[in-house]
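In case you want the letters, here they are:
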Amino acid sequence: MNNSLKVVDERTATSYDIPIRDGAIRAMDLRQVKETPDDFGLLTYDPAFLNTASCRSSITYIDGDKGILRYRGYPIEQLAEHCTFLEVAYLLIHGELPTQEQMNEWFYDVSHHTMLHETTKKFLEGFRHDAHPMGMLVSTVAALSTVYPEARDIHDPANRKHQILRLIGKMPTIAAYTYRHSVGFPYVYPDNELGYTENFMNMLWKMVEPKYMANPTIARALDILFILHADHEQNCSTNVMRSVGSSHADPFLSTAAAAAALSGPLHGGANEEVLRMLDVIGSKANVPAYIEKVKAGNFKLMGFGHRVYKNYDPRARIIKWAADQLFQVTGGNAKLDIALELERIALSDEYFIKRKLYPNVDFYSGLMYQAMGFKPEMFTVLFAIPRTAGWLAQWQELVEDPEQKIARPRQIYTGYDARDFVPMTQREITAKVKVKVEH
Ligand SMILES: CC(C)(COP(=O)(O)OP(=O)(O)OC[C@H]1O[C@@H](n2cnc3c(N)ncnc32)[C@H](O)[C@@H]1OP(=O)(O)O)[C@@H](O)C(=O)NCCC(=O)NCCS
């Protein structure tokens with residue numbers, strides 16, 4: 001069998017053999033397909049990258065149809081059951097699970113990079129009391145670039161490792177400080193005797209007690225949520241991480257850009273939207289009417305549907321299990337009844353079945369975060385903490401990949417052909433520019 005694709009250009013009656021490798025053709029191989037010798041060559045048009053692989057990656061494997069998610073080959077279910085988040089972060093960054101000695105060293109290194117420079121604290125203080133924590137996080141991570149100018153030397157592996165430790169170490173500190181800022185509480189310094197997640201809880205919730213002791217069930221539930229959110233191959237924010245990283249921007253700026261992408265309601269912001277949606281629905285009795293409005297196309301059911309999982313989201317299953325454990329300690333969430341009813345009706349409704357719309361990871365994570373005591377504004381920040389490990393693993397892979405260059409898509413130009421300048425006195429208002437801003 002010939003491992004190639006035969007393409008016939010009917011415009012010129014020319015046939016081309018395009019090699020197939022790893023189930024893909026190279027888009028650049030289509031450039032030879034020309035109508036005339038001075039033609040630019042054939043482009044592929046793929047808005048939102050629905051069918052374009054932008055890299056080779058050995059980090060995360062997803063089979064959306066079968067509902068499979070693996071980090072470095074290990075099924076997400078096994079990692080969630082047996083590992084801590086920090087162990088998984090090591091796996092993502094280094095490619096292998098750590099031995100005990102490697103884990104001890106990794107924990108020491110990460111926990112010795114949790115403090116923020118005092119000037120960064122002042123920077124945080126400049127935000128309004130009601131600033132959205134995600135805006136604060138994005139800006140503060142970007143600001144770290146000014147604190148560590150040496151991070152620009154992205155081609156030195158030792159320097160890269162240093163910045164990776166800083167980012168994984170400082171992310172919970174920044175996240176906790178955005179919360180403390182919003183409630184007007186003093187910042188709590190990290191406690192290196194505590195585990196990664198327990199220390200985060202310490203920085204969030206310690207008041208006047210001499211030593212913060214995290215509830216182990218809540219800490220484990222949060223750690224599992226961190227594991228489930230640590231990476232998800234080429235999603236929107238990871239694509240941003242790689243795209244910004246491809247210009248050789250430093251990892252703080254690339255991570256800030258990725259976090260900005262994460263903040264959108266169609267991506268990491270979805271779990272915040274799930275809670276708002278449950279508020280709007282208000283009661284179990286209102287669920288059928290709400291579903292009808294979704295089916296009429298008025299709005300989407302937040303926490304449902306996924307670009308790659310068209311069977312079920314394996315993370316949603318684990319979350320459901322973890323939520324049961326958590327609710328035994330925290331007590332149920334009042335919105336849980338509405339969520340369960342929404343899920344029950346949606347899963348048996350033809351509209352959702354036909355479109356393969358299932359609950360995704362965000363459907364339950366918001367309810368868990370709320371039961372732990374987080375406000376919806378904090379949810380995406382909680383997503384950004386673990387995803388930083390995934391972004392950095394992907395960034396490192398990008399920097400080391402000889403096939404990668406600065407990301408620069410092509411376009412199909414749909415604008416005017418060349419036209420001559422018109423003096424202002426002779427210009428007319430066109431329909432396109434009629435939008436008026438009210439003052
Ligand atoms: C995740 C998401 C962006 C994926 O989008 P996508 O792969 O581009 O899927 P599409 O928008 O092409 O959806 C296919 C069809 O399902 C419908 N659909 C998708 N998600 C839907 C939802 N949550 N509620 C209702 N209908 C939905 C679309 O309207 C479309 O219907 P149509 O064929 O009649 O036009 C989308 O499902 C969504 O917006 N979900 C809600 C937000 C969310 O939970 N995001 C978190 C992702 S982890």
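In the block above lies the structure referred to throughout.
Note that the structure is predicted; figures quoted are calculated from it, not measured.

## Regarding the packing of aromatic side chains
Here is step 1 of the chain: Here the structure, examined in full by the defined rule, presents 15 aromatic pairs.
Here is step 2 of the chain: Residues Phe-85 and Phe-226 carry aromatic rings whose centres are separated by 5.6 Å and whose planes lie at 75 degrees to one another, so their mutual orientation is edge-to-face. Taken together, the residues Phe-85 in helix H2 (residues 85–94) and Phe-226 in helix H8 (residues 216–228) connect sequence positions 141 residues apart.
Here is step 3 of the chain: When the ring of Tyr-369 is compared with that of Phe-374, the centres are 6.2 Å apart and the planes differ by 90 degrees; the resulting orientation is edge-to-face.
Here is step 4 of the chain: One aromatic cluster is present, formed by Phe-304, Tyr-351, Phe-352, Phe-363 and Tyr-364 through successive ring pairs.
Here is step 5 of the chain: One Lys or Arg, Arg-317, reaches over the ring of Tyr-312 and ends 3.9 Å from the middle of that ring.

## Re the pairing of strand S3 (residues 60–63)
Remember that side chains alternate between the two faces of the sheet whenever the strand is regular.
Here is step 1 of the chain: Of the strand pairs in this sheet, S3 and strand S4 (residues 68–71) are connected by 4 bridges, and their pairing is antiparallel. Bridge assignment links Ile-62 to a residue of S4, and that residue is Leu-69.

## Some points on the environment of Val-183
Here is step 1 of the chain: By the element assignment, Val-183 lies in helix H6 (residues 157–183).
Here is step 2 of the chain: A relative accessible area of 31% places Val-183 in the partly exposed class.
Here is step 3 of the chain: Residues Val-183 and His-129, 54 residues apart in the sequence, show an inter-C-alpha distance of 7.5 Å.

## Some points on unusual backbone geometry
Here is step 1 of the chain: The backbone phi angle of Asp-22 is positive, close to 50 degrees, even though this residue is not glycine.
Here is step 2 of the chain: Inspection of the secondary structure puts Asp-22 in the loop between strand S2 (14–19) and S3.
Here is step 3 of the chain: Residue class for Asp-22 comes out exposed when judged on its relative accessible area of 60%.
Here is step 4 of the chain: Although it is not a glycine, Phe-49 sits at a positive phi angle of roughly 50 degrees.
Here is step 5 of the chain: Along the chain, Phe-49 falls in the loop between S2 and S3.

## A look at the environment of His-267
Here is step 1 of the chain: Mapped onto the elements, His-267 comes out in the loop between helix H10 (251–262) and helix H11 (270–281).
Here is step 2 of the chain: On the basis of relative accessibility, which here comes to 14%, the residue His-267 falls in the buried class.
Here is step 3 of the chain: Sequence-wise, His-267 and Asn-235 are 32 residues apart; in three dimensions their C-alpha atoms are separated by 8.6 Å.
Here is step 4 of the chain: Ignoring any residue separated from it by four or fewer positions in sequence, one finds His-267 in contact with Asn-235, Cys-236, Ser-237, Ala-261, Leu-262, Asp-362 and Arg-387.

## Quick word on the site of the ligand
Here is step 1 of the chain: Surrounding the ligand, one finds 17 residues, the nearest of these being Leu-301, Gly-303, Phe-304, Arg-307 and Asn-360.
Here is step 2 of the chain: Phe-304 has a polar backbone atom sitting 2.9 Å from a nitrogen atom of the ligand.
Here is step 3 of the chain: At a separation of 3.0 Å, an oxygen atom of the ligand approaches a polar side-chain atom of Arg-355.
Here is step 4 of the chain: Coverage of the ligand by the protein amounts to 70% of the 870 Å² it exposes when considered alone.
Here is step 5 of the chain: Its residues placed into classes, the shell around the ligand shows 8 nonpolar, 4 polar and 5 charged.

## Comments concerning the sheet that holds strand S5 (residues 74–75)
Here is step 1 of the chain: Ordered in space as S3-S4-S5, the 3 strands form an open sheet in which the pairing is antiparallel. Single-partner strands in this sheet number two, and they are S3 and S5.
Here is step 2 of the chain: Where S4 and S5 come together, 2 bridges link them in antiparallel fashion. Residue pairing across strands places Tyr-71 opposite Tyr-74, the latter belonging to S5.

## Brief notes about the environment of Glu-400
Here is step 1 of the chain: Looking at the secondary structure, you find Glu-400 in helix H17 (residues 379–400).
Here is step 2 of the chain: We classify Glu-400 as exposed; its relative accessible area is 52%.
Here is step 3 of the chain: Residues Glu-400 and Ala-256, spaced 144 residues apart in sequence, show a C-alpha to C-alpha distance of 21 Å.

## With respect to the nonpolar core
Here is step 1 of the chain: In this structure, Trp-106, Leu-137, Ile-168, Phe-200, Met-277 and Phe-374 are the most contacted members of the largest nonpolar core, which totals 116 residues.
Here is step 2 of the chain: Here this core takes 13 residues from H17, the largest share from any one element.
Here is step 3 of the chain: When near neighbours in sequence (up to four residues on either side) are disregarded, Trp-106 contacts Leu-86, Ala-89, Tyr-90, Ile-93, His-94, Leu-165 and Ile-168.

## Focus on empty space enclosed by the protein
Here is step 1 of the chain: A complete count under the given rule lists 2 cavities of 30 Å³ or more for this structure.
Here is step 2 of the chain: In this model, the largest cavity occupies a volume close to 80 Å³.
Here is step 3 of the chain: Residue lining of the largest cavity: 13 residues in total, with Ser-111, Thr-114, Gly-195, Tyr-196 and Asn-199 positioned closest to the centre.
Here is step 4 of the chain: Among the secondary structure elements, those contributing two or more residues to the lining of the largest cavity are helix H3 (100–111), H6 and helix H7 (196–205).
Here is step 5 of the chain: Each residue belonging to the lining of the largest cavity can be placed in one class, and the counts come to 6 nonpolar, 6 polar and 1 charged.
Here is step 6 of the chain: By volume, the second largest cavity is sized at about 30 Å³.
Here is step 7 of the chain: Looking at the lining of the second largest cavity residue by residue, the class counts come to 4 nonpolar, 3 polar and 1 charged.

The rules behind the values
Residues numbered from 1 in each chain as written. Predicted model: local features only at pLDDT ≥ 70, side-chain atom pairs only at ≥ 80, totals over all residues. Heavy atoms only, no water. Phe/Tyr/Trp six-rings, centres within 6.5 Å; stacked < 30°, edge-to-face > 60°. Helix = DSSP H or I, 4+ residues; strand = E, 2+ residues; numbered from the N terminus. Lys NZ or Arg CZ within 6 Å of the ring centre and 35° of its normal. Pairing = 2+ DSSP bridges. Buried < 20%, exposed > 50% of the residue type's maximum accessible area, 1.4 Å probe, protein only. Contact = heavy atoms within 4.5 Å. Near = heavy atom within 4 Å. Polar contact = N/O pair within 3.5 Å; in protein donor to acceptor, adjacent residues only side chain to side chain. Areas by Shrake-Rupley, 256 points an atom, 1.4 Å probe, with all protein chains shown as cover. Nonpolar A, V, L, I, M, F, W, Y, C, P; charged D, E, K, R; others polar. Core = buried A, V, L, I, M, F, W, Y, C linked by side-chain atoms within 4.5 Å. 1 Å grid on protein atoms, 1.4 Å probe; cavity = no way out; pocket = protein on both sides within 12 Å on 5 of 7 lines; lining within 4 Å. Points joined across faces, edges and corners; volume = space filled by probe spheres on them.

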